[in-house]
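Structural description and commentary
These are the residues of each chain, in order.
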Amino acid sequence: MTTLILTKPDDMHLHLRDGDAMRSILPHTVRRFARAIVMPNLRPPIATTAQAIAYRERILSALPPESAFEPLMTLYLTDNTAPAEIVRARESGVVHAVKYYPAGATTNSDSGVTDIARCHGVLEAMERTGLPLLVHGEVTAAEVDVFDRERVFIDQVLVPLVARFTRLKVVVEHITTREAVRFVTAMPANVAATITAHHLLLNRNALFSAGVRPHHYCLPILKREVHRVALVEAALSGNPKFFLGTDSAPHSRAAKECVCGCAGVYTAHAAIELYAEAFGANDGLDRLEAFASAYGAHFYGLARNRDSLSLERRSWQVPEELELGSERLVPFRAGESVAWSIV
Ligand code: DOR
Ligand code: ZN
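Below you will find a few notes about this structure. (Residues numbered from 1 in each chain as written. Chains lettered and ligands numbered in written order. Predicted model: local features only at pLDDT ≥ 70, side-chain atom pairs only at ≥ 80, totals over all residues. Heavy atoms only, no water.)

1. Comments concerning the side chain of histidine 174
The topology assignment puts histidine 174 in the loop between strand S7 (170-172) and helix H6 (178-186). We classify histidine 174 as buried; its relative accessible area is 2%. Setting aside residues up to four positions removed in sequence, histidine 174 forms contacts with His13, His136, Glu150, Thr194, Thr196, Leu219, Pro220 and Asp247. (Helix = DSSP H or I, 4+ residues; strand = E, 2+ residues; numbered from the N terminus. Buried < 20%, exposed > 50% of the residue type's maximum accessible area, 1.4 Å probe, protein only. Contact = heavy atoms within 4.5 Å.)

2. Regarding the site of ligand 1
The full set close to ligand 1 counts 13 residues, and Arg17, Asn41, Thr106, Leu219 and His251 are the nearest of them. The side chain of histidine 136 places a nitrogen or oxygen atom 3.2 Å from an oxygen atom of ligand 1. Between a nitrogen atom of ligand 1 and a main-chain N or O atom of alanine 263, the distance comes to 3.0 Å. Within the complex, 99% of the 290 Å² of free accessible area of ligand 1 lies under protein. More than half of the atoms belonging to ligand 1 lie within 2 Å of the grid points that define the largest cavity. Class assignment of the residues belonging to the shell around ligand 1 gives a composition of four nonpolar, seven polar and two charged. (Near = heavy atom within 4 Å. Polar contact = N/O pair within 3.5 Å; in protein donor to acceptor, adjacent residues only side chain to side chain. Areas by Shrake-Rupley, 256 points an atom, 1.4 Å probe, with all protein chains shown as cover. 1 Å grid on protein atoms, 1.4 Å probe; cavity = no way out; pocket = protein on both sides within 12 Å on 5 of 7 lines; lining within 4 Å. Sits in = over half its atoms within 2 Å of the grid points. Nonpolar A, V, L, I, M, F, W, Y, C, P; charged D, E, K, R; others polar.)

3. Some thoughts on the coordination of the zinc ion (ligand 2)
For a metal with four donors in a tetrahedral arrangement, the ideal angle between donors is 109.5 degrees, while six donors in an octahedron ideally sit at 90 or 180 degrees. Listed as protein donors to the zinc ion (ligand 2) are His13 (NE2), His15 (NE2) and Asp247 (OD); their distances from the metal cover 2.0 Å. Each donor residue of the zinc ion (ligand 2) belongs to the same chain, and together they define the spacing H-x1-H-x231-D. Residue histidine 13 is found in strand S2 (residues 10-14), and its partner aspartate 247 is found in the loop between strand S9 (242-244) and helix H9 (253-256); the two are separated by 234 residues along the sequence. (Donors = N, O, S within 2.8 Å, 3.2 Å for Na, K, Ca; no water.)

4. Side note on helix H2 (residues 49-61)
Every α-helix carries 3.6 residues per turn, so stepping three or four residues along brings you back to the same face. Compared with the 18 Å implied by 1.5 Å per residue over 13 residues, the 18 Å span of H2 between its first and last C-alpha is a close match. Those residues of H2 that sit buried are Thr49, Ala52, Tyr55 and Ile59. Burial along H2 is one-sided: seen end-on, the buried residues are contained in an arc of 120°. Exposed side chains of H2 directed beyond 90 degrees from the buried face belong to Ala50 and Ser61. Contacts from the buried residues of H2 go to helix H1 (19-32), strand S3 (35-38), strand S4 (70-76), helix H3 (83-92) and strand S5 (95-100). (Expected span 1.5 Å × (residues − 1). Arc of directions from axis to C-beta.)

5. Description of H3
Among the residues making up H3, those that are buried are Glu85, Ile86 and Ala89. Buried residues in H3, looked at end-on, bunch into an arc of 105°, giving them a common side. Packing partners of the buried residues in H3 comprise H2, S4, S5 and helix H4 (120-129). The positive-phi residue at the C-terminal boundary of H3 is glycine 93, with phi of around 75°.

6. Side note on the side chain of threonine 246
With respect to the secondary-structure elements, threonine 246 resides in the loop between S9 and H9. Accessibility expressed as a relative area gives 1% for threonine 246, which makes it buried. Within the structure, the side chain of threonine 246 is placed 2.5 Å from the side chain of aspartate 11, a separation counted as a polar contact. A polar contact is formed between the side chain of threonine 246 and the backbone nitrogen of serine 248, at a distance of 3.0 Å.

7. A closer look at the pattern of salt bridges
Under the criterion given, the structure shown has 16 salt bridges. Glutamate 57 is paired through a salt bridge with arginine 56; the nearest N and O atoms lie 3.9 Å apart. For arginine 56, a relative accessible area of 21% gives the class partly exposed. A salt bridge links arginine 314 to glutamate 312, with the nearest nitrogen and oxygen atoms 2.7 Å apart. Accessibility expressed as a relative area gives 42% for arginine 314, which makes it partly exposed. If you follow the salt bridges from partner to partner, you end up with Arg253, Glu257, Glu321 and Arg328 in one network. (Salt bridge = Lys/Arg side-chain N within 4 Å of Asp/Glu carboxyl O.)

Rendered as structure tokens:
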């Protein structure tokens with residue numbers, strides 16, 4: 001197969017940031033995706049419906065003219081989120097989910113949840129209104145090995161959570177382990193997961209190939225090859241619980257290449273092409289469209305997109321750097337090639 005025509009895909013997990021940085025990266029996503037679930041981990045976080053509406057307006061006004069791109073907004077869950085906020089979010093029609101960051105788990109998560117038991121009222125409201133909970137599934141306890149944080153979170157937090165809120169829609173975001181694949185597979189249809197392109201393409205060796213590679217550092221961190229293989233199997237399984245979410249997360253070169261570098265891999269400039277590589281390498285190109293353009297929309301109760309996107313197997317070279325407002329970022333595969341191109 002050298003040409004692929006897909007229903008225009010949706011990115012069900014994206015970091016767009018704000019201001020000039022957002023303006024410089026937004027065209028990458030708009031070219032490839034019809035819609036995206038936009039993460040709320042700004043400073044300050046997008047914690048209210050009013051903030052989400054204002055952020056959405058800023059995104060819309062930064063779009064290229066004639067663009068039909070639709071940002072799907074999320075709220076940032078805190079210990080103090082009120083159930084009434086969930087009702088407002090649902091009624092707004094622009095908020096599509098609520099993101100649960102355990103406090104301290106990742107970039108801009110310090111206002112996150114310290115104990116999910118504090119949010120039970122909110123979770124009941126979400127269960128009632130059908131608003132999905134998007135989970136950053138890692139424990140934060142310093143004594144837990146960084147490579148085990150997802151697995152431990154599943155046992156300690158997710159298993160009891162889904163047992164208590166049996167009708168709550170849950171997306172385990174950017175899964176990275178065999179255990180997460182097994183957990184999501186075993187749950188009923190209200191529990192799903194996103195999978196990133198970089199976790200399909202890389203294992204943890206990519207963090208240390210001939211030296212430390214800060215641009216491959218993200219959270220949850222890359223895992224062993226057995227886990228990468230489990231993610232590939234899940235993505236190619238045709239199980240609608242697994243769908244596309246890039247977790248493309250821009251940070252400036254300076255913020256990545258320093259003594260305490262930020263977590264995040266930037267893939268928006270080549271996102272669907274990278275997924276095509278991963279699916280193609282595993283003989284699964286015929287399953288890419290459902291993963292990228294159907295299962296996520298269905299989970300969120302959205303109609304399928306009408307536009308299409310054509311890809312061809314023609315390699316191109318990724319620039320060494322891209323603009324990020326007044327700064328520069330180092331994109332995934334910088335200076336190297338990507339096997340698929342948009343026609
Ligand atoms: O690597 C990551 N970067 N993981 C996250 O959970 C957050 C993201 C970011 O916002 O930079
Ligand atoms: Zn993310």
